[in-house]
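Structure at a glance
Each chain, written out:
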Amino acid sequence: MSSILAGYLRICLRTTKWQAEGLDPLRAALKEGPVILVLWHSRLILAAAHWPHEACPARTLVDTSPIARLVGAIQRRFGIDPVHIRTGRSGLEVTRDVL
C-alpha cells in the first residue's frame, strides 16, 4: 500500500506547482545542529517529500497505529527514517533511538 501512495505522491509532486517555504532558514538552522520539526498530521507526508536531504538526514517519530505505520513506510520511500514508538518504552529509550 505504501508503494501505491508514494507513487501517487510522486505523480502529484511532478504535475503540481509547489512552493516550499522556510527551507533557507531550515538549512541555516541545520548547520548549527539538530532541529525538531513539529507538523500537523496532514503535513507529514509532504514534509518527507520536501525535506532538504542534502542538508541533513531526517528521522520521524511514529506510533504503532496502522495509519502511523503507513505514513512511516511512505516517509521511508522518500528517504526519511521513521522511529517507531512502542508502548512500554521510556522516553529515554526513544530519544536514544532518534539520536
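Look a little higher up for the structure.
Here's a quick rundown of the structure.

Basis of the calculations
Residues numbered from 1 in each chain as written. Predicted model: local features only at pLDDT ≥ 70, side-chain atom pairs only at ≥ 80, totals over all residues. Heavy atoms only, no water. 1 Å grid on protein atoms, 1.4 Å probe; cavity = no way out; pocket = protein on both sides within 12 Å on 5 of 7 lines; lining within 4 Å. Points joined across faces, edges and corners; volume = space filled by probe spheres on them. Helix = DSSP H or I, 4+ residues; strand = E, 2+ residues; numbered from the N terminus. Nonpolar A, V, L, I, M, F, W, Y, C, P; charged D, E, K, R; others polar. Buried < 20%, exposed > 50% of the residue type's maximum accessible area, 1.4 Å probe, protein only. Polar contact = N/O pair within 3.5 Å; in protein donor to acceptor, adjacent residues only side chain to side chain. Core = buried A, V, L, I, M, F, W, Y, C linked by side-chain atoms within 4.5 Å. Contact = heavy atoms within 4.5 Å.

**Some words on the layout of surface pockets**
By rolling a water-sized probe across the atoms, one finds the places where empty space is left. Estimated volume of the largest pocket: approximately 990 Å³. In terms of lining residues, the largest pocket is bounded by 30 residues, among which I36, L37, R59, T60 and L61 are the most central. Listed by contribution, the elements that provide at least two residues to the lining of the largest pocket are α3 (44-50), β1 (59-62), α4 (66-77) and α5 (91-98). The residue makeup of the lining of the largest pocket, split by class, is 23 nonpolar, five polar and two charged. Lining the second largest pocket are 15 residues, and of these A20, E21, L23, A47 and H50 lie nearest its centre. For the lining of the second largest pocket, the leading source of residues is α3, giving three residues.

**Quick word on the side chain of T60**
Turning to its location among the elements, T60 is positioned in strand β1. Classification of T60 by relative accessible area gives buried; the value is 18%. Side chain to side chain, T60 and Q75 meet in a polar contact 2.7 Å long.

**A look at the nonpolar core**
Residues A6, L9, L26, L30, A48, W51, A58, I74, F78 and I80 constitute the largest nonpolar core, which totals ten residues. When residues no more than four places from it in sequence are discounted, the contact partners of A6 are I74, R77 and F78.

**Observations concerning the side chain of Q75**
When you line up the elements, Q75 lands in helix α4. Setting aside its immediate chain neighbours within four residues, Q75 contacts L44, A48, T60, V62, I80 and P82.

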